[in-house]
Structure formats: C-alpha cells, structure tokens
Amino acid sequence: MKQDNELAQLDIVNPDAPTMPLRSLDVVWFQVSGTICNLRCEHCFISCSPENDKFGFMSLDACRPYLDESKQLCAKEYYFTGGEPFANPNMGDILDLTLRDYGPATVLTNATLFRDATAKRLRDMVEAHGRTLELRVSLDGYSAEMNDPIRGEGTFERAMDGVSKLVACGFEPIITITRTWCGCDEEVLSGFVAMLRERGYAQPRLKILPLLKLGAEVGRAGGYCDQARVTHEMMSQRTSGDLVCATARLVTDRGVWVCPILPDSSSARMGKTLADSLAPYPLRHAACYTCFQHGAICSNTEE
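Residues numbered from 1 in each chain as written. Predicted model: local features only at pLDDT ≥ 70, side-chain atom pairs only at ≥ 80, totals over all residues. Heavy atoms only, no water.

This part covers the environment of P65. Relative to the assigned elements, P65 resides in helix α2 (residues 60–72). Along the backbone, P65 and P149 are 84 residues apart, and their C-alpha atoms lie at a distance of 40 Å. (Helix = DSSP H or I, 4+ residues; strand = E, 2+ residues; numbered from the N terminus.)

Set out below in structure tokens:
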C-alpha cells in the first residue's frame, strides 16, 4: 500500500520480542487531527507540525464507523489525540457524538486554540450528556522561560489562557509534563502547583511523562540505545497489564495501529478495522521499552 510505504520505519530492535495479547478493547484512541498541529515542539515523538500531513484530519463520518464497531466490541472510553485535536474543525461535533452515544472521553490538547466559546461548548456537552470529559493539557514548564524553548515562543501564556478558560467552566484539566529536565521531579511539580494556584487553579492535577526518543526528540537529544528492548525474561518478572497495547488500539485516517506511540511505524499497522486489530502484538520496538519501564504513560493516571 503506497501510503504505508511512505510512513517512516521505526527500527525493530528485537525480532524475538515477547507478545502482548489484547486482554480486552477497553479504550479506543483516535488520532483525530493526524500529525497536523499548530505547534512544532522540539520533543514531539511523531514530529507534528503545521506542515506534517503524513496523517490527516478525521471527519465525523470517518469516525462514526469505528465508534459503532467499538461499541460492538464493548469499548469503555475514548481518547482523542493528534497533532492538536482542536485544529480539526470537526473536533466539537466528533466529541459531542462520542459523549452522547458512546462513552466518556479524554482529549489531549495544547490548549492554545481555545476561545471562551470552545470551553463553554465543552461544558455544555458534559451537562447535556452526563458523561465524563477529561482535558489533558500539555505544558513543559511552569514559566515561559522553561516552557517556550521546547514548545515555541509565546506558547506558555497561550496555553495558560486556555487552562484558565477550562477552569472557569468547571473543568480540572490534567497538566501533562514531559520530563525534559535534569534534577528532582518534586521541585518541578512544586513549581507547577504554585504557578497554577496563583492563576486560580486551586487543586491542580499533574502527570509526568517520560521522553519517547522518537521523531523530533531524536534530533533534540538523541534516540534509543541498542539495549532498549523488552525481553521474555523481563515479561516473566512483572505484570504488564498497564501497557496500552493490552487494552487499547489507535484509529487513524489510514486504518488501525497498535497504540498511539507508534503511528510512524508501518509495521505497527494492524488493519483497516478494529476487528482486524485484536491479535497479540510483539513488543519489538525501542519505544515499547519506555512503556514497559514506566507503565500507564498513555492513561490519565496522575502523579
């Protein structure tokens, strides 16, 4: 398939990797804005940008068959990512349909495109449909000096304006921070808590993510070493049920992938439908090692 051949290949570092069965399809991810983003973050593991159209926007009509199929497969919740989901003009309608007919949802966003009307519409959806809507807002510093060198000039204040709009509408967004610093996590978390409280977010929710050494991050700080691999022995020593591939799949405009971390690998594509994707998957990529080490990096689990 020509489109698949155009995808960048991630190294398969471990051809003898252990496999992860799909225990149940609890979560369906939608890469609803593809790789298109209004920002160009230096650590982005799929190198999203305004020009990167490797994966494109998904329309409401494109999402609906997957939502219907997911319901038949007893999915419990839905995550929307990108790129920047709110760059997709269909995002509001897709989210409204999901909350109305399918289940609770989470959106991963940089919050820089929010207007007052955006936050109000999100609040109105929750009130109308009675389902949980989580917003995960990406920030990489508790000041412009810490955040903007990674995410772009002016992004800190724009993101905080979006967070303020969400808080004013009754949301408690999860502030998601990628670990780009050296030193103590507690100091960084304390800095975020103090800054957020000063700006009116009384009980901040925080989640730290490990770096995924893929995409733009390879150019910023380097890729994975040869030893980054999941082995059969490692699998025998711990429970891996918190790995996203045990309970979830990713839908894109090019079909279904094993997880939201590996869309740049055509070998992680599992088929055209969710039913095609139910088989076990080998943990053969270097990024699988990061998931194995940290667990639950894609879920809403907080620090």
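Right, let's talk about the confidence of the model for the protein chain for a bit. Keep in mind that low pLDDT regions are not for reading the predicted coordinates in detail. Here the protein chain averages 93 in pLDDT, and 95% of its residues register 70 or above. For the stretch residues 1–9, pLDDT sits under 50, and the model shows 19 contacts to residues farther than four places along the chain or on other chains. (pLDDT = per-residue confidence, 0-100. Contact = heavy atoms within 4.5 Å.)

To continue, consider the packing of helix α3 (residues 91–101) against helix α4 (residues 116–129). Orientation of α3 relative to α4, taken along the N-to-C sense of each, is 20°, at an axis distance of 9 Å. Comparing their axes, α4 and α3 come out roughly parallel. In this structure, α3 meets α4 at a crossing whose hand is right-handed. Here α3 contributes G92, D93, L95, D96, L99 and R100 to the contact with α4, which in turn contributes R121, L122, M125 and H129. Along the lines of polarity and charge, the residues of the contact of α3 with α4 split into 4 nonpolar, 2 polar and 4 charged. (Axes fitted to C-alpha atoms, helices over the stretch in contact; angles between N-to-C directions. Parallel < 35°, antiparallel > 145°, perpendicular 65-115°, else oblique. Left-handed = near helix turned anticlockwise from the far one by under 90°. Nonpolar A, V, L, I, M, F, W, Y, C, P; charged D, E, K, R; others polar.)

This part covers the pairing of strand β8 (residues 248–252). One face of the sheet, then the other: side chains in a regular strand alternate in exactly this way. Of all 5 residues in β8, 5 are buried, a share of seventy percent or more. Here β8 shows two buried faces, one formed by A248, L250 and T252 and the other by R249 and V251. Examined bridge by bridge, strand β2 (residues 27–31) and β8 share 4 bridges and lie parallel to one another. Directly across from V27, in β8, lies its bridge partner A248. Across 3 bridges, β8 lies against strand β9 (residues 255–257) in antiparallel orientation. In the strand pairing of β9, V251 is matched with V256. (Buried < 20%, exposed > 50% of the residue type's maximum accessible area, 1.4 Å probe, protein only. Pairing = 2+ DSSP bridges.)

Moving on to the nonpolar core. F30, F80, L95, L122, L133 and I175 are the most contacted members of the largest nonpolar core, which totals 51 residues. If we ignore the near neighbours within four places in the chain, the residues touching L133 are L95, L99, A105, V107, L122, V126 and F171. Grouped together as the second largest cluster of nonpolar side chains are 36 residues, Y79, L108, L212 and C298 included. (Core = buried A, V, L, I, M, F, W, Y, C linked by side-chain atoms within 4.5 Å.)

This part covers the sheet that holds strand β6 (residues 174–178). Taken in spatial order, the 9 strands of this open sheet run β7-β6-β5-β4-β3-β2-β8-β9-β10, and their pairing is mixed. Whereas interior strands pair on both sides, the edge strands pair on one side only; in this sheet they are β7 (205–209) and β10 (269–271). Each strand axis lies, on average, 25° off the axis of its neighbour in the sheet, ignoring direction. Contacting β6 and β7, helix α7 (residues 185–198) crosses the sheet at an angle of about 145° to β7.

Quick look at the packing of α2 against α3 now. Interaxial distance between α2 and α3 falls to 10 Å at its minimum, and their mutual angle equals 20°. With respect to α3, the axis of α2 lies roughly parallel. Judged by the twist between their axes, the crossing of α2 over α3 is right-handed. Contacts from L60, C63, R64, L67 and K71 of α2 reach α3 at D93, I94, L97, T98 and D101. Across the contact of α2 with α3, the residue classes tally to 5 nonpolar, 1 polar and 4 charged.

Inspection of the secondary structure assignment puts L212 in the loop between β7 and α8 (216–221). For L212, a relative accessible area of 8% corresponds to the buried category. For the pair L212 and D148, spaced 64 residues apart in sequence, the C-alpha separation works out to 19 Å. Setting aside chain neighbours within four positions, we find L212 in contact with F45, E217, Y224, I261, A287, T290 and I297.

Now for the packing of aromatic side chains. Overall, the coordinates contain 6 aromatic pairs when judged by the stated rule. Where Y78 meets Y102, the ring centres are 6.4 Å apart and the plane angle is 75°; that geometry is what we call edge-to-face. Taken as a pair, Y78 in strand β3 (residues 77–81) and Y102 in the loop between α3 and β4 (105–109) lie far apart in primary sequence, 24 residues in all. Y102 shares its class with Y78; the two are buried. The positively charged end of K71 is found above the aromatic ring belonging to Y102, 5.6 Å away from the centroid. Its guanidinium or amino end placed over the ring of F55, R254 lies 5.3 Å from that ring's centre, counting from NZ or CZ. (Phe/Tyr/Trp six-rings, centres within 6.5 Å; stacked < 30°, edge-to-face > 60°. Lys NZ or Arg CZ within 6 Å of the ring centre and 35° of its normal.)

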